[in-house]
Amino acid sequence: MKFTNGFKLTSKASRRLPTEYFVLADAAFEGAVIGYLAGRPIREAVTDHDGLRYRFVGVAPRLPGGGFDVLALRSGEWIVLPGLVYAADAKESATPNEADRAA
């Protein structure tokens, strides 16, 4: 299964894109604490409301104005507030109902 964040951005795309399009909402943290950012723990993984699993890959880069640089995200990467980047984990996300999911 190939994960994408649903957006194909070009170099001409505005850096003023709504950050909400790139934030993984309702993420449930899982696993061990592997560090801290802004006084909050960084967990090794998160799951979304569909049960898809994502693993921690880094901290989201910021623009000079303070917003997230969403163009720096790779395919399958999402921002989890306060600014962590998690990537889809295809091995852990496979479920029996996978065929029922909309693409």
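Below is a summary of the structure that appears in this document. Keep in mind that what you see is a predicted model, and the values were worked out from it rather than measured.

## Concerning the nonpolar core
Nonpolar side chains tend toward joint burial in soluble globular proteins.
And step 1. Within the largest apolar cluster, 10 residues are counted, these being L24, I42, V46, L52, Y54, W78, V80, L84, Y86 and A88.
And step 2. The set of elements that each furnish at least two residues to this core consists of β2 (40-47), β4 (77-80) and β5 (84-88).
And step 3. For this core, the element with the most residues is β5, which contributes three residues.
And step 4. Counting residues in each nonpolar core, the second largest holds seven residues, with F22, F68, V70 and V85 among its members.

## Here we look at the pattern of salt bridges
And step 1. Evaluation of the coordinates by the stated rule reveals one salt bridge.
And step 2. A salt bridge links R53 to E30, with the shortest nitrogen-to-oxygen separation between them at 2.5 Å. With a gap of 23 residues between them, R53 in strand β3 (residues 53-59) and E30 in strand β1 (residues 28-37) connect regions that are remote in the sequence.
And step 3. Among the residues examined, E30 registers a relative accessible area of 28% and is labelled partly exposed.

Calculation notes
- Residues numbered from 1 in each chain as written.
- Predicted model: local features only at pLDDT ≥ 70, side-chain atom pairs only at ≥ 80, totals over all residues.
- Heavy atoms only, no water.
- Core = buried A, V, L, I, M, F, W, Y, C linked by side-chain atoms within 4.5 Å.
- Buried < 20%, exposed > 50% of the residue type's maximum accessible area, 1.4 Å probe, protein only.
- Helix = DSSP H or I, 4+ residues; strand = E, 2+ residues; numbered from the N terminus.
- Salt bridge = Lys/Arg side-chain N within 4 Å of Asp/Glu carboxyl O.

None of this, on its own, says anything about what the molecule does.
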